[in-house]
Amino acid sequence: MAEILRVEHLKKYFKTPAGLLHAVDDVSFSIEKGKTLGVVGESGCGKSTLGRTILHLLDSTDGKIYFEGQDITNVTKSQLKELRRNMQIIFQDPFSSLNPRMCVSEIIQEPLEIYKAYSDKKEMLRRVAELMNTVGLAPSLAGSYPHELDGGRRQRIGVARALAMNPKFIVCDEPVSALDVSIQAQILNLMQDLQEELGLTYVFITHNLSVVKHISDDILVMYLGKVVEYSSGEALFEHQYHPYTKALLAAIAIPDIDRQNERILLKGEISSPVNPRPGCRFAPRCEYCTAICRKKAPVMEEIVPGHFVACHHVRKINGMSEEK
Amino acid sequence: MAEETRKNNPNAVEDISMYKKQSQFVQAWDRLRKNKVAIAGLVILVILILGGIFAEQLAPYGYDDQDVMRRFTAPCREFPFGTDNLGRCIYSRILYGARISLLIGFVATGMGAVAGTILGAFAGYYGSKTDNIIMRFCDVLQAIPSLLLAIAIAAALGSGLFNMMLAISIGAIPRYARTVRASILTVKDQEFIEAAHAIGASDARIILKHIFPNCLAPIIVQVTLGVAGSIINAASLSFIGLGVQAPTAEWGSMLSAGRQYVRDYWFVVMFPGLAIMTTILSLNLFGDGLRDALDPKLK
Amino acid sequence: MEKFLDIRDLNVEFKSDRGTVKAVNHVSFHINKGETIGLVGETGAGKTTTALSIMKLVPGPHGKIKSGEVLFEGEDLLKKSEKDMRKIRGGKISMIFQDPMTSLNPVVTVGDQIAEVIKLHNEKKSRQEMKEKAKQMLELVGIPASRYGDYPHQFSGGMKQRVVIAIALACNPELLIADEPTTALDVTIQAQVLELMAKLKKELNTSMILITHDLGVVAGECDHVAIMYAGEIVEYGSLKDIYKETKHPYTIGLFRSIPNVDKKDTRLIPIPGLMPDPANLPKGCYFAPRCQNKLPECDTCHPETLEVSPGHFVKCLRVQKEVESHG
């Protein structure tokens, strides 16, 4: 399968009064066409920043981004506009991501207007109607305003807007976190159907592990701007190598009374990403932490084929023989 | 339910042009109509404006018709609001004065609002240095009491109707710039602005289509309330002799001219004062109602 | 075991421009001493309103408790005066809100916020005693007492929720109402907070109403579960009844909507449609418009609550029919 997006050593630092905030710190991955990469982590781990940096909604500090083999790290304004036909985003909050002063059809047709996709207004409206049908919005809602609709329908509007220019690649930033479970399932199904029908590639950002397992082919686990574990979704849920991933999965509340997790309770809370200390970012909360963890940052290592982990003690923790 | 059937009818694309949206101004007007207090304000305001427009037809006398023999006549059938020190009909002068006072109120506010909105929009959207320069300029303006500033400008430019409006509008700029800047800052951080960037919208499009319509409500409200302030300022300037020159009728200058006779003849200041008060009250009531009506999230 | 809190036929309405919104309809349930009941439902199901009614805190003037009884240790709370209720709130019954960011006062130190609750309910205590007790509470929820003088913004989200828990437990309440206590928190922090609540509940023998939309959280924490839909309890029973003997189509739909971490399922089976407008509820069963397993009469006839097995209550015509046909 062809690779559609490759990210190499991507970094995004923010200047804050307190110092440099390392939101995304040396992240690398690649996605094949038509696949879904799940990015998981807790609030403040830089997952949303990662998505926005790929789309050039934020400027990257360092690193390279390749889209369909082309280096898109530095692009001009007009190149960027072209690029955005192909790369889109769906936002988390269906309330603030839609302009309250525009009605449903105006919101969906805006990208068509920007790219002057249709010279004929009638044809454009037809395309809007088609898009509304694609995402399952009743045509009668065309003249409604977002505040008149519920969260699920609003999220459908956001999906339709992202689809308007037939993109190849969509960053989904927590698209179902603000929705109720029954609606969440509707939107997840919709997104999977669209992926199948249109051959879309997703980067799916979420904190919800059940959702990420459900939708992703590959999973990237982030902690404080760093990738701690990266593998196929199945392999990750089969066996977690990094102590943080272990704790994260153990913390899921499973809706099954027979299968209650032995919770691995993590000490403390996520520390600040501003001027991080040298060494492993997870060290202060890690039960296996030793002197080396506080001194040297671990590098990504392919521990079994296709399974990357960044941890000094990964072999010891998982009872594997040391090798180098 | 269309939501669930999307897979079954890929060709069932309906013509959606029939589902026209209801303009938000129509919706806002519907909400405003339900607010009796605001409508009362609007009605009073319209009566005052009509009074000014049809002053010639409504006023029994000209604004400059003097009858020195009948100076300080108490309100009677002939002179409903009495006469002033030169024997002019106060009722007629208030009608003619409405023209000038309301004109000053709306034009001065309009000029200030336009200038302030543009400055505030630049400050809010571009931020950093632009923001700093503009806002510090506004700080300087605001550091001087607005009336004092208006006096200084009016004194420098000389008295006269237009100069007075200019003086008042300059003093009003910081308020609008601040309001606009603040609302742009709140709107700018919302995800739909980011969404607009993501679909490749240009800066101009984002400002005009996404940010501005969402900042309009506070500006409109500020303007309605600002008109009242401008009328008061104009009245104050006229009161100290820097505004409209005699014999032009203007509410503030009528008040000013009458002040020395207030001990003996209450009606000389009472009615111009009441006219100013009624106008401002109606504008405030209407402005408050408008603010509520313009919020799209209210149902 | 005694019925510690017994809610009988509670009805709450809100007046709005669009008409009367029936937020809570004929809700009845009870809690025994030391037990936890989970109130599960989606946005707008009436969970929070039910909880606020127990505290007699339904926001006026639009909201009104129309009828029903809330018997707490045998006394009807709804008949109590506002003054008596103030004694009970934060004393015998206390509440934890969803958002730890906004439920603390930003300009008062966390220690003083805990001490304030203690002061309101124990006027006789000296200032020093209250401070001591507040420090004990901080230690109890795992925050060093030395942070007594810190302000809320100096704490992270999970720590703030711990402070909120400390405030709620400061007066040794007999009933704790927790309204989505962990929804705003990250999973690893959620696990910590849930663990802490379970531990404290055991130590203090507090009864708890846990309001949540997360069936996973309920599975770990509760003894009984009430599933709410459109202001009604559609299914009520023990954990086992709800998770193993699921009867009501809505409950079944909820379980199917959740992606399962254990199985690799390719598609979820969502509940079609949306929750009905509470100002305009359907004539028959409130769930009928979304139910894929409904009978013709479901559209016209509103189901009664039926006890399908001891302690397991369901509000569904189909279930009722099945039970009847089996004799």
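Since this is a predicted model, take the numbers as computed values, not measurements.

This paragraph deals with helix α4 (residues 127–140) of chain C. All names here are of chain C. Relative to the 20 Å expected for 14 residues at 1.5 Å per residue, α4 spans 20 Å between its end C-alpha atoms, a close match to the ideal helical length. Among all positions in α4, only M130, K133, A134, M137 and L138 are buried. Here the buried residues of α4 occupy an arc of 145 degrees about the axis, which is enough to place them on one side. A positive phi of about 85 degrees marks G142, the residue just after α4.

What follows covers the sheet that holds strand β9 (residues 224–229) of chain C. All names here are of chain C. The strand order across the open sheet built from eight strands is β6-β7-β8-β3-β9-β10-β12-β11, with neighbouring strands paired in mixed fashion. At either end of the open sheet lies a strand with only one pairing partner, and these are β6 (93–96) and β11 (306–309). Recorded for the sheet is a direction-independent mean angle of 20 degrees between the axes of neighbouring strands. Pairing geometry for strand β10 (residues 232–238) and strand β12 (residues 312–314), over two bridges, is antiparallel. Pairing of Y236 across the sheet is with F313, part of β12. In the packing of helix α1 (residues 47–54) onto the sheet, contacts are made with β3 (36–40), β6, β7 (175–179), β8 (207–212) and β9, and the angle to β8 comes to roughly 150 degrees.

Turning our eyes to something else, we now look at the nonpolar core. Counting 65 residues, the largest nonpolar core has I96, I114, I165, V225, I227, Y243 and Y250 of chain C as the members making the most contacts within it. The biggest single contributor to this core is helix α5 (residues 157–169) of chain C, with eight residues. In contact with Y243 of chain C, not counting residues within four places along its chain, are P255, D256 and I257 of chain A together with L215, V218, A219, V225 and F255 of chain C. Among the nonpolar cores identified, the runner-up in size contains 56 residues, and L137, L149, A164 and Y202 of chain A belong to it.

Let us look at the pattern of salt bridges. Considering all chains together, one arrives at 36 salt bridges over all chains under this definition. In this structure, R205 of chain B and E113 of chain A form a salt bridge, with 2.7 Å as the shortest nitrogen-oxygen distance. Residue R205 of chain B is found in helix α9 (residues 203–239), and its partner E113 of chain A is found in helix α3 (residues 104–114); the two belong to separate chains. Judged by its relative accessible area of 18%, R205 of chain B is buried. Residue E113 of chain A is classed as partly exposed on the basis of its relative accessible area, which comes to 26%. Note that D84 of chain B is salt-bridged to R93 of chain B, the shortest N-O span being 3.9 Å. Here D84 of chain B falls in the buried class, since its relative accessible area comes to 7%. On the basis of relative accessibility, which here comes to 4%, the residue R93 of chain B falls in the buried class.

Once that is clear, we can look at the packing of aromatic side chains. Residues and elements named next belong to chain B. Following the criterion strictly, the structure yields 21 aromatic pairs over all chains and no others. Between F122 and Y126, the ring centres sit 6.1 Å apart and the planes meet at 20 degrees, which makes this aromatic pair stacked. With F122 and Y126 both in helix α4 (residues 90–126) and four residues apart, this pair spans about one turn of that helix. F122 sits in the partly exposed class, given a relative accessible area of 44%.

This part is about the pairing of β7 of chain C. Residues and elements named next belong to chain C. Summarising burial for β7: five of the five residues are buried, a large majority. In β7, alternate side chains face the same way, and those of L175, I177 and D179 on one face and L176 and A178 on the other are all buried. Looking at chain direction, β6 and β7 are connected through four bridges and run parallel. Directly across from S94, in β7, lies its bridge partner L176. Bridge count for β7 against β8 is five bridges, and the pairing is parallel. If you follow A178 over to β8, its bridge partner there is L210. Read as a crossover between parallel neighbours, the route from β7 over helix α6 (residues 187–204) to β8 is right-handed.

The rules we used
Residues numbered from 1 in each chain as written. Chains lettered and ligands numbered in written order. Predicted model: local features only at pLDDT ≥ 70, side-chain atom pairs only at ≥ 80, totals over all residues. Heavy atoms only, no water. Helix = DSSP H or I, 4+ residues; strand = E, 2+ residues; numbered from the N terminus. Expected span 1.5 Å × (residues − 1). Buried < 20%, exposed > 50% of the residue type's maximum accessible area, 1.4 Å probe, protein only. Arc of directions from axis to C-beta. Pairing = 2+ DSSP bridges. Axes fitted to C-alpha atoms, helices over the stretch in contact; angles between N-to-C directions. Contact = heavy atoms within 4.5 Å. Core = buried A, V, L, I, M, F, W, Y, C linked by side-chain atoms within 4.5 Å. Salt bridge = Lys/Arg side-chain N within 4 Å of Asp/Glu carboxyl O. Phe/Tyr/Trp six-rings, centres within 6.5 Å; stacked < 30°, edge-to-face > 60°. Right-handed = clockwise from strand over helix to strand, strands pointing away.

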